[in-house]
Structure formats: structure tokens, C-alpha cells
Amino acid sequence: MPEGDTVWLAAKRMNTALAGQTLRRGELRVPQLAATDLTGRTVAGVVPRGKHMLTRFTDGWTLRTHYRMDGSWHIYRKGARWRGGPAFSIRAILATDQWDCVGYRLHDVAMVRTEHEDQVVGHLGPDVLGPDWDLDEALRRLRSHPDEQIGVAILDQRNLCGPGNLYKVEGLFVCGVHPWMRVADVEDLSGLVERTRSLMLANRDRPEQSTTGDLRRGRDHWVYGRKDRPCYRCGTPILRGDQGPDLQERITYWCPTCQATDAPVDPTARTGEPDHPAPLPGAH
């Protein structure tokens, strides 16, 4: 599933293309909205909310879309060939005189009154990348379920919205927290949340997602996707396991040494190896 920074960047680009523009073509290719014609409406702006995208129109309506596992928005100059997938996978088309914004395999497509957006995103916790980010509220929500596994709690968008599996495992590693530790047992919960947020902030303006500071493939993540490969800090093979409720399990990666429950590590520690990834964004 796309991370919140992916949706944030997509919304930024969509907003640049659409804000203030009148749609010359506006189609929603989902059964419940097949009769909805957006042609002639003017876009007020496009904003992200966690992993949801809200396209607001000046007539007081909002189009909500969600990527889930395989959705995406693509932007093409007028007349360019669309390359996001087969035509039958297109769920939305928002086109102006200059740009074609095409939504492929989108999920949870809905039209709501802008004043009633809470009906579709009101359940979400504070947005990690939002202008109204509220750390205290995110911590309150997390601590309201003290026995929850921290790796599950971080992914629960009702606690804080935006982080996905990549930032979950990377944030936990950087802070030396074992994924299966109880929320109540995380010594510096505030530090974990803020470090996870800092990793997302470092990547939101680019398509590449590096948590090590190194953009080279294979060197961009500390533990994510690195099962059986040596930890950059201690050399211990990285482990992989499933975590979460039945039918909602997510693959989790961690270092059994650096993230031992009784041995938290210094998040700015270095191995000193010549080929070690660059320093963490924001580390001092």
C-alpha cells in the first residue's frame, strides 16, 4: 500500500495541474457514480489526508479516492499517451485544457459535500504530514490501547494517519524498538512517533523513499526488504515475520540484536564501515 508521503506528493502534483482549472472532461468509472459528470466543474484544490486524496470543487463537493494496494493517479500533458495500465482499470478522469489526470485501480471512490468530509476521513487520527499535525493527540490515541503491539498500533490510521509498513519498520529500527513490544512498554513513544514522521518528511517531495539517506537501490533502507541480509549496524541477519490480526497481517522486518526488547540502541550509532549508508535525516 502506498505510504502517506506518496499520496502527499501525488496530491501536490495534482493540485498544481488542477487547482483553479475548469474540467473539460470529468468521468468516474465506478458503478455507484457512473452517472456523475464532473465536466464543467472548477477544481478548488487537491489535498491529501493520510492515504486519502480529496479533490475539492468550488461548488461545494469533494471527490475522495484511496489507493489501497494498487491504485495510482497519473498526470499527462494533453495529447500524450496514457501509460498507467489497461483502459478497463481506469476509475477516474479529470482533464483540463492542458492536463489529463487519470486514476487507475482507485478504491473507495466517493463524492461528498465538502462540509461533510468527516463522513469519509473523520475517523482518521492526526495526519503525520498535515499542516495540523498534533503529536499530543496521536500519543493519546496510541496510549489508549496500551496492550497493543507497537508495530500494529503505528499502522492503525485511527491513531495517526500516513505511515505504512515501510515507515513502520524503519522507524522502529531507528529507535531500537521491537515490533512486538506493547505500546505501554515503549520508553520513548514520543520520540518514536516524531522520528517516524521525520523520515516521511524527508521523502515527501521526491518519489524515492530512503530512510538511510542513501538513494542507491539496496542501500536506501535499514531493514525493510532485507531479510537474511546483515544489519548495517551490527551484522546480524535481518528477520522477517507476519504481524497483525488474522487476514490483516503485514510483513515486518527487524534486527533481533539492535531491536532486542531489553537492549534499545542509539538511533545515531554508526558501524564505521566505508560503505555504510549516509546519516539519518535529521540526526545530530
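Residues numbered from 1 in each chain as written. Predicted model: local features only at pLDDT ≥ 70, side-chain atom pairs only at ≥ 80, totals over all residues. Heavy atoms only, no water.

An unreviewed UniProt entry lists the protein under the name DNA-(apurinic or apyrimidinic site) lyase, from Geodermatophilus africanus. Of the protein, the UniProt comment under Sequence similarities (unreviewed entry) reads exactly: "Belongs to the FPG family." (UniProt positions renumbered as here; feature names shortened; annotations may be inferred.)

As a further point, take the side chain of Asp5. Along the chain, the position of Asp5 falls in helix α1 (residues 4-18). Buried and unpaired, Asp5 has Arg206 as its nearest opposite-charge partner, separated by 7.4 Å. There is a polar contact of 3.0 Å between the side chain of Asp5 and the side chain of Gln209. Dropping the residues within four chain positions of it, Asp5 is found in contact with Leu129, Tyr167, Met200, Asn203, Arg204 and Gln209. (Helix = DSSP H or I, 4+ residues; strand = E, 2+ residues; numbered from the N terminus. Buried < 20%, exposed > 50% of the residue type's maximum accessible area, 1.4 Å probe, protein only. Lys, Arg positive; Asp, Glu negative; His and termini not counted. Salt bridge = Lys/Arg side-chain N within 4 Å of Asp/Glu carboxyl O. Polar contact = N/O pair within 3.5 Å; in protein donor to acceptor, adjacent residues only side chain to side chain. Contact = heavy atoms within 4.5 Å.)

Turning our attention to empty space enclosed by the protein. Using the criterion set out here, one finds one cavity of 30 Å³ or more in the structure. Roughly 30 Å³ of internal volume is contained in the largest cavity. Looking at the largest cavity, the residues that line it are Gly4, Trp8, Pro48, Gly50, Asp127, Leu129 and Gly162. Class assignment of the residues belonging to the lining of the largest cavity gives a composition of three nonpolar, three polar and one charged. (1 Å grid on protein atoms, 1.4 Å probe; cavity = no way out; pocket = protein on both sides within 12 Å on 5 of 7 lines; lining within 4 Å. Points joined across faces, edges and corners; volume = space filled by probe spheres on them. Nonpolar A, V, L, I, M, F, W, Y, C, P; charged D, E, K, R; others polar.)

The residues that UniProt annotates with the feature "domain: Formamidopyrimidine-DNA glycosylase catalytic" (unreviewed entry) are residues 2-89. Spanning residues 2-89, this segment combines 17% helix with 33% strand, and its end C-alpha atoms are found 18 Å apart.

At a minimum axis distance of 9 Å, the contact between helix α5 (residues 165-174) and helix α6 (residues 189-203) shows a crossing angle of 125 degrees. For the element pair α5 / α6, the angle class is oblique. By crossing handedness, the relation of α5 to α6 is classed as right-handed. Contacts between α5 and α6 involve Tyr167, Glu170, Gly171, Leu172 and Val174 from the former and Leu192, Arg195, Thr196, Leu199, Met200 and Asn203 from the latter. Split by residue class, the contact of α5 with α6 holds six nonpolar, three polar and two charged. (Axes fitted to C-alpha atoms, helices over the stretch in contact; angles between N-to-C directions. Parallel < 35°, antiparallel > 145°, perpendicular 65-115°, else oblique. Left-handed = near helix turned anticlockwise from the far one by under 90°.)

Attention shifts here to the packing of aromatic side chains. By the definition in use, this model includes five aromatic pairs. Measuring from centroid to centroid gives 5.0 Å for Trp180 and Trp254, while their planes differ by 65 degrees, and the two rings are edge-to-face. Of the two residues, Trp180 sits in the loop between α5 and α6 while Trp254 sits in strand β10 (residues 250-254), which places them 74 residues apart along the sequence. For Trp180, a relative accessible area of 29% corresponds to the partly exposed category. Relative to Tyr253, the ring of Tyr224 lies with its centre 5.5 Å away and its plane at 65 degrees, an arrangement referred to as edge-to-face. Here Tyr224 is found in the loop between α6 and β9 (239-243), whereas its partner Tyr253 is found in strand β10, with 29 residues between them in sequence. Its relative accessible area of 31% is what places Tyr224 among the partly exposed residues. Put simply, the rings of Phe173, Trp222 and Tyr232 touch in pairs and so form one group of aromatic residues. It is Arg226 that lies over the ring of Tyr232; its NZ or CZ is 3.9 Å from the centre. (Phe/Tyr/Trp six-rings, centres within 6.5 Å; stacked < 30°, edge-to-face > 60°. Lys NZ or Arg CZ within 6 Å of the ring centre and 35° of its normal.)

On to α5, then. Since the α-helix advances by 3.6 residues per turn, residues separated by three or four positions end up pointing in the same direction. Among the 10 residues of α5, 10 are classified as buried, and the element is accordingly described as predominantly covered. Where α5 is concerned, the buried positions are Asn165, Leu166, Tyr167, Lys168, Val169, Glu170, Gly171, Leu172, Phe173 and Val174. On its buried side, α5 packs onto α1, α4 (150-153), α6, β9 and β10. Gly176 lies just past α5 and shows a positive phi near 70 degrees.

A few words on unusual backbone geometry. Most peptide bonds take the trans configuration, and most residues that are not glycine carry a negative phi. For Arg68, which is not a glycine, the phi torsion comes out positive at approximately 50 degrees. One can find Arg68 in the loop between β4 (61-66) and β5 (72-77). Residue classification places Arg68 among the partly exposed positions, given a relative accessible area of 38%. In this model, Asp108 sits at a positive phi of 55 degrees, which is unusual for a non-glycine residue. Relative to the assigned elements, Asp108 resides in strand β8 (residues 107-113). Its relative accessible area of 30% is what places Asp108 among the partly exposed residues.

The next subject is the UniProt feature "domain: FPG-type" (unreviewed entry) in the protein. Annotation from UniProt places "domain: FPG-type" (unreviewed entry) at residues 222-260. Between the C-alpha atoms that bound residues 222-260 there is a distance of 16 Å. The span itself is 0% helix and 26% strand.

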